[in-house]
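Listed here are the chains, written in short residue letters.
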Amino acid sequence: LGPTVDALSTFLGKTPIGISGKTSPLQASLSDGYYRRIESVEFTLKADDGQSPWLLSDADVIIVGVSRTGKTPLSVVLSQTQGLKVANIPLVKECPPPKELFDEATIDPQRVFCLTISPSELKRIRLTRLETSNV
């Protein structure tokens, strides 16, 4: 990276603040909270949309709801801003929720939240989505 760093240094008119492989002042200032949020975001992406039901027991919060209720955006915001590990499960008529969701030995029901939406608003969102995706 030497030539790249040199070129950036010249372009920006600044000298590097650290040496590769050593702790820079920036790295030293990163808090445990920062790393907790990064870990939470990674967990949330793995547990998005019911992809990894075996992770439910490790989630701080579990969000359930039908498609288009905002489960994923809310999950990501909670993980980024609060450092919460969030899993979300879609409720689909033809597909039962994962059995892990109902295991009270590992899942505290007080950590499970259901997002709701009015049927007319859900219909409007889904129709708009269909129109914009040319289906």
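The structure reproduced in this document is the subject of the present report. (Residues numbered from 1 in each chain as written. Predicted model: local features only at pLDDT ≥ 70, side-chain atom pairs only at ≥ 80, totals over all residues. Heavy atoms only, no water.)

### Re the overall build of the protein chain
Along the protein chain, the regular secondary structure elements total five helices and three strands. If you list the helices and strands of the protein chain from N to C, you get α-α-α-β-α-β-β-α. Among the 135 residues that make up the protein chain, the fraction classed as buried is 24%. (Helix = DSSP H or I, 4+ residues; strand = E, 2+ residues; numbered from the N terminus. Buried < 20%, exposed > 50% of the residue type's maximum accessible area, 1.4 Å probe, protein only.)

### Structural notes on the packing of helix α3 (residues 32–46) against helix α4 (residues 71–82)
Two numbers describe how α3 lies on α4: the axes approach to 7 Å, and their chain directions differ by 165 degrees. As summarised for this structure, α3 and α4 are arranged roughly antiparallel, according to the angle between their axes. The element α3 and its partner α4 pack so that their crossing is right-handed. Between α3, through R37, S40, V41, T44 and L45, and α4, the contact on the second element is made entirely by S75, V76, S79, Q80 and T81. Its residues assigned to classes, the contact of α3 with α4 comprises three nonpolar, six polar and one charged. (Axes fitted to C-alpha atoms, helices over the stretch in contact; angles between N-to-C directions. Parallel < 35°, antiparallel > 145°, perpendicular 65-115°, else oblique. Left-handed = near helix turned anticlockwise from the far one by under 90°. Contact = heavy atoms within 4.5 Å. Nonpolar A, V, L, I, M, F, W, Y, C, P; charged D, E, K, R; others polar.)

### Overview of α4
Residues separated by three or four positions in an α-helix point in the same direction, a consequence of the helix having 3.6 residues per turn. When the terminal C-alpha atoms of α4 are compared, their 16 Å separation across 12 residues agrees well with the 16 Å that a helix rising 1.5 Å per residue should span. Among the residues of α4, K71, S75 and S79 are the ones counted as buried. Across the axial projection of α4, the buried residues extend over an arc of 55 degrees, all falling on one side. As for α4, its buried residues are in contact with α3, β1 (61–65) and β2 (86–90). (Expected span 1.5 Å × (residues − 1). Arc of directions from axis to C-beta.)

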